[in-house]
Amino acid sequence: MAHLARMRLSRVALIPVVFLAVCVLPFAAASPLAALVLLLPLLAAVWVLRVGVDVDDAGITTRGLLGQRRVAWDDLAGIRVERSARLRLVTHGGGEVRLPVLRARDLPRLAGWSGGRFDVPQPPAA
């Protein structure tokens, strides 16, 4: 049986999207062309609901607003932590794939989802 873990933004992130929709509504009602501004909250809602990371037995899939990228476990050389604590997958070919919604604090959870394919280095004891 395949193991699947999904990490998405919290649905609470839709609250600002609702506020954005309410704020642009008067402007959108001004003219038919101005109604196009309603696409902004719609795109923001789709982004909140879609962007994320799926981890299964075959690899890691990152999902963006318009597409997705899959990295098989065999292609994974490592994980790089940026200064901003964002995570990037590093492939054996030298490419990098950003992991949306995951930060350095999520590394232990990601290591658990990987089924032991990588470990999280522990800080040195003081």
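Residues numbered from 1 in each chain as written. Predicted model: local features only at pLDDT ≥ 70, side-chain atom pairs only at ≥ 80, totals over all residues. Heavy atoms only, no water.

**Regarding the sheet that holds strand β6 (residues 86-91)**
Spatial ordering of the open sheet is given by β5-β6-β7, a layout of three strands whose pairing is antiparallel. A single partner strand is all that each edge strand has here, and the edge strands are β5 (76-81) and β7 (96-103). The average angle at which neighbouring strand axes cross in this sheet is 25 degrees, direction not considered. Pairing analysis gives five bridges linking β5 to β6, with the strands arranged antiparallel. Counterpart to Leu76 in the pairing with β6 is Thr91. (Pairing = 2+ DSSP bridges. Helix = DSSP H or I, 4+ residues; strand = E, 2+ residues; numbered from the N terminus. Axes fitted to C-alpha atoms, helices over the stretch in contact; angles between N-to-C directions.)

**Focus on the environment of Gly59**
Tracing the backbone shows Gly59 in strand β3 (residues 59-63). For Gly59, a relative accessible area of 0% puts it in the buried group. C-alpha separation for the pair Gly59 and Leu76, spaced 17 residues apart in sequence, amounts to 8.6 Å. Aside from chain neighbours lying at most four places away, what touches Gly59 is Asp54, Arg70, Val71, Ala72 and Trp73. (Buried < 20%, exposed > 50% of the residue type's maximum accessible area, 1.4 Å probe, protein only. Contact = heavy atoms within 4.5 Å.)

**Quick word on the nonpolar core**
Among the nonpolar cores identified, the biggest contains 20 residues, and Val55, Ile60, Leu89, Leu99, Leu102 and Leu110 are the most heavily contacted of them. Residues within four places of Leu110 in sequence aside, it is in contact with Val55, Ile60, Ile79, Leu87, Leu99, Leu102 and Phe118. (Core = buried A, V, L, I, M, F, W, Y, C linked by side-chain atoms within 4.5 Å.)

**Thoughts on helix α2 (residues 39-50)**
Between the first and last C-alpha of α2 there are 16 Å, a value that for twelve residues agrees with the 16 Å anticipated at 1.5 Å per step. Along α2, the residues classified as buried are Pro41, Ala45 and Val48. For α2, the arc enclosing every buried residue in end-on projection is 65 degrees, short of the 170-degree limit, so these residues lie on one face. Tucked into the core, α2 has its buried residues touching α1 (14-28). (Expected span 1.5 Å × (residues − 1). Arc of directions from axis to C-beta.)

**What about unusual backbone geometry?**
In the Ramachandran plot, Ala85 falls in the positive-phi region, its phi being about 75 degrees despite a non-glycine side chain. Within the secondary structure layout, Ala85 lies in the loop between β5 and β6. Since its relative accessible area comes to 27%, Ala85 is described here as partly exposed. Backbone geometry places Val101, a non-glycine residue, at a positive phi of 65 degrees. Among the structural elements, Val101 can be located in strand β7.

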